[in-house]
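# Coordinates in review
As a plain string of letters, each chain reads:
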Amino acid sequence: MTDAQPGRPTENAMRRALKRARDGVALDTAEAAVLLQARGEQLRDLSASAARVRDAGLEAAGRPGVITYSKKVFIPLTRLCRDRCHYCTFVTVPGKLRREGHGMYLSPDEVVEVARQGAALGCKEALFTLGDRPEDRWPEAREWLDAHGYDDTLAYVRAMAIRVLEETGLLPHLNPGVMSWTDLQRLKPVAPSLGMMLETTATRLWSEPGGPHHGSPDKEPAVRLRVLEDAGRSNVPFTTGVLIGIGESYEERADALFQLRRIQRQYRSIQEVIVQNFRAKPDTAMRAMPDAELEELAACIAVARHILGPAARIQAPPNLVDAEYALIVGAGIDDWGGVSPLTPDHVNPERPWPHIDQLAERTRESGFELRERLTVYPEFIARGEPWLDPRLLPHVRALADPETGLAREDALPEGLPWQEPDEGFTATGRTDLHRTIDTEGRTGDRRADFDAVYGDWEALREQAAPGMVPQRIDSDVREALAQAADDPTRLSDDQALALLHADGPALDALCSIADDLRRATVGDEVTYIVTRNINFTNVCYTGCRFCAFAQRRTDADAYTLSLDQVADRAAQAWEVGATEVCMQGGIHPDLPGTAYFDIARAVKERVPGMHVHAFSPMEVVNGASRTGLSIRDWLTAAKEAGLDSIPGTAAEILDDEVRWVLTKGKLPAADWIEVVRTAHELGLRSSSTMMYGHVDQPRHWLGHFRTLAAIQQETGGFTEFVTLPFIHTNAPVYLAGIARPGPTTRDNRAVTAMARVLLHPHITNIQTSWVKLGAEGAAEMLRSGANDLGGTLMEETISRMAGSRYGSYRSIEDLRAIATLAGRPARPRTTLYGEVPAERVAAAEASDGHLPELLPLAD
């Protein structure tokens, strides 16, 4: 709809914008809005410069003069939807489906039959299209899912994608609408690519009555942008695009393109951008709206090309261009999208696909060769890990040309097993890193893919800047100190912030108050645990920017332990008096979701009495996603396999403003909270943690403390709070010049003291880290409100890889000495802060001081 547009731009404004486009100068939103109105000779000028940008990109990609398409079948899994888009004819209602003799969803047999027919015709893509979460609106959808054993629509999507892979060999491309971060983890292993149109960033078209998206919760632009960002964080090759002519202004249209550029710059995850023109359809609320003209479409394609650049893949659906192929090719596209020889375009059923031979001929007339691609673009196939799940690689390789990454046009898909890689738990790499990190150190200070795996550093620097601005504090510190001493549970947020900023005598007073509160709550004894850390692999592609532990599988410091090695280390720890093993690892793409069960079971079979404290919330989500289980079911299975409690790591700062600077792909704060709550409900207790001193500010610490206190009041499941000062030395986010060089001594004292104050009386144990602070630093924290020193560890790789200088092991005598520095006695504890059996105490005392000789393990 363009009748609401303001007047045409002046000739001068158009000339200036066209010249900037010709000269390759970066456009701003106002200039892009001007160029979106180019018509006639002006459009030809704009298209010519856009085509030059496109041609340069194809040359750089190694396929000059090639326009691609994907040969697909269209699988409309369900036409029910909870949204009410005013232009859509794809969506229908349960009564109409029944009258036409259809089910609420395609049956599994119907899905596979469509895919089989497509495979026989040489199709290689199965495009799953469906409405957003229909079970939230339609009881009939909920009943169908329940009757067929699926928790939700996405569980059915996942199951059908696996069947298509295994029974036909077609590659699923999933368009299920809005997805959460967790949904993306569930679906990534079953599809080489996913998609969702952005459509527009014009919020008014969603929020105002009468707008095309009014009444459609999934069409809020902020929600859809979050999906695109989560897909980037999750390393998902993602298709998106804009829908033009639905009532947006030219400025709003330009803004949508700039938002796509922002996300692509930050994550490099958008594999193609579709520019689609609105076509009015009968029997819709927008049936009287004029179609977006083809020159308007061409102008938007050309502007998209200038904004998104030569590396972008830009697509226009060939059945919506009224045979004006030359106009659209000339504007800068390099892809025609999916074309089906079998199924109609269910979204635009009145407009049939062109025959592929006809499309090739019309493309050739514009000077280009038409080549078939797969649903996942060649660039992402070339990138490999972490963009393609290992379970999908055999399916993709069976259809991809090994040289170009395009489709092997003569290949006929055949079903292949969708299964975990054969390697499983095979000991590989530097398995003695737990020992040699202290003697030989790490091979280099950063991963070889430093400039790619974490996203765009410059974009990240811009993103981090607002969150690092200090907040002005106006509250009276003396008043806040008086309140903390009198009743810390009544501290206001302003008072708490004033104390988190305290320094000098005020900080001394705060630490004294916290120490008195500690004494009144848990007494003077400093507790510790005889434990062994076992980091079973450091291969990880999550892209946490604070982590120096994670390695690519080919990096010199990468390793994975076998199950026997894990069990050997647990048995070794038991022999010297340990009561606990703490086990965590990287998110290794080859380890199945059941690997965590195998690890817990291996330890319990070897050492039945050992407490298995293992698997961060990130690992829990990874395991659940890879197995297709819910968080609750996965944790239940892990508990049955021997899991006793979970570490509350992967929390970092429970504020997504900070999390998305610290990490590219780790779980959002809400998902961390869900995992911890669920674990507590199942009787699996956990620690809680906070990593601070990087791109955060005291206001983030306060929010984190408030969140933990609220969870503890609800579940009572936290055993302790652990302070984790950021180790900056080898952390990527520090090496890139974004993060601070860790917390100051002031920060450490304030955080420890305020943890005691703000978590009182809900979390009573506050732990400090000798690994990160050393003996003197840990003793100072014991005088500032802490009462626990953590464990002997025996091995510690994560902090040491980051640059910690304080070793990997402390004897019982060493820990007692730290307590003595603080003027306090010490005693051992169990994971749950109980009494340690006398036999364990005796074994630990007898072995104390001799432990390092036992650390090396033969492969």
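The paragraphs below set out a description of the structure included in this document. Computed from a prediction, not measured in an experiment: that's the story for all the values here.

A separate point is the overall build of the protein chain. Looking only at helices and strands, one finds 35 helices and 21 strands in the protein chain. Here the protein chain has a C-alpha radius of gyration of 29 Å; the compact-globule value for 859 residues is 29 Å, and the two agree. When its C-alpha atoms are laid out on the principal axes, the protein chain stretches across 85 × 60 × 55 Å. By residue count, 63% of the 859 residues in the protein chain fall in the buried class. For the protein chain, the proportion of contacts with a sequence separation of at least 24, taken over those separated by at least 6, is 78%. By element, 50% of the accessible surface of the protein chain is carried by carbon and sulfur atoms, the whole surface being about 30500 Å². Considering the protein chain, the positive charge centre built from 95 side chains and the negative charge centre built from 123 side chains are found 2 Å apart.

Another point: the packing of aromatic side chains. Applying the stated criterion across every chain yields a total of 16 aromatic pairs. A centroid spacing of 5.2 Å and a plane angle of 75° characterise the contact between F380 and W387, whose relative ring orientation is edge-to-face. Assigned by exposure class, F380 and W387 land together as buried. Connected via pairs of aromatic rings, a cluster forms that spans F536, Y596, F597, F615 and W634. In this structure, R829 is placed above the aromatic ring of Y833, and the distance from its NZ or CZ to the ring centre is 4.0 Å. For the cation-ring pair, R840 lies above W574, with the distance from its terminal atom to the ring centre recorded as 3.6 Å.

Two elements in contact, helix α20 (residues 477-486) and helix α22 (residues 504-522), have axes separated by 10 Å at closest approach and are oriented at 10°. Considered as vectors, α20 and α22 are oriented roughly parallel to each other. Along its contact with α20, which presents V477, L481, A484 and A485, the element α22 presents A506, A509, L510 and I513. For the contact of α20 with α22, the class distribution of residues is eight nonpolar, no polar and no charged.

With that settled, the discussion passes to the nonpolar core. Core analysis: the biggest nonpolar cluster contains 130 residues, and M583, F615, W672, F705 and M754 have the highest contact counts within it. For this core, the element with the most residues is helix α31 (residues 745-759), which contributes eight residues. Those residues in contact with M583 that sit more than four places away from it in its chain are I534, F536, V566, I599, V603, V612, H613, A614 and F615.

Residues of helix α14 (residues 356-365) that are buried: I356, L359, A360 and T363. One side of α14 holds all its buried residues, which, seen down the axis, span an arc of 100°. Opposite its buried face, α14 presents the exposed residues D357 and E365, each directed more than 90 degrees away. Contacts made by the buried residues of α14 are with β1 (66-78), α13 (325-330), β8 (335-339) and β9 (369-373). Just downstream of α14 lies G367, where phi reads positive at about 90°.

With omega at 5°, the peptide bond leading from E385 into P386 counts as cis. Take P386: it is sitting in the loop between α15 (378-383) and α16 (393-399). Between H760 and P761 the backbone carries a cis peptide bond, its omega angle lying at -5°. Examined against the element boundaries, P761 turns out to sit in the loop between α31 and β19 (766-767). Positioned with a positive phi, A650 is a non-glycine residue whose angle comes to about 65°. Positionally, A650 belongs in the loop between β16 (645-646) and α27 (656-662). Assessed through its relative accessible area of 6%, A650 is described here as buried. Even without being a glycine, E652 presents a positive backbone phi close to 50°. If you trace the backbone, E652 turns up in the loop between β16 and α27.

The rules behind these values
- Residues numbered from 1 in each chain as written.
- Predicted model: local features only at pLDDT ≥ 70, side-chain atom pairs only at ≥ 80, totals over all residues.
- Heavy atoms only, no water.
- Helix = DSSP H or I, 4+ residues; strand = E, 2+ residues; numbered from the N terminus.
- Rg over C-alpha atoms; globule rule 2.2 N^0.38 Å.
- Buried < 20%, exposed > 50% of the residue type's maximum accessible area, 1.4 Å probe, protein only.
- Contact = heavy atoms within 4.5 Å.
- Areas by Shrake-Rupley, 256 points an atom, 1.4 Å probe, with all protein chains shown as cover.
- Lys, Arg positive; Asp, Glu negative; His and termini not counted.
- Charge placed at Lys NZ, Arg CZ, Asp CG, Glu CD.
- Phe/Tyr/Trp six-rings, centres within 6.5 Å; stacked < 30°, edge-to-face > 60°.
- Lys NZ or Arg CZ within 6 Å of the ring centre and 35° of its normal.
- Axes fitted to C-alpha atoms, helices over the stretch in contact; angles between N-to-C directions.
- Parallel < 35°, antiparallel > 145°, perpendicular 65-115°, else oblique.
- Nonpolar A, V, L, I, M, F, W, Y, C, P; charged D, E, K, R; others polar.
- Core = buried A, V, L, I, M, F, W, Y, C linked by side-chain atoms within 4.5 Å.
- Arc of directions from axis to C-beta.

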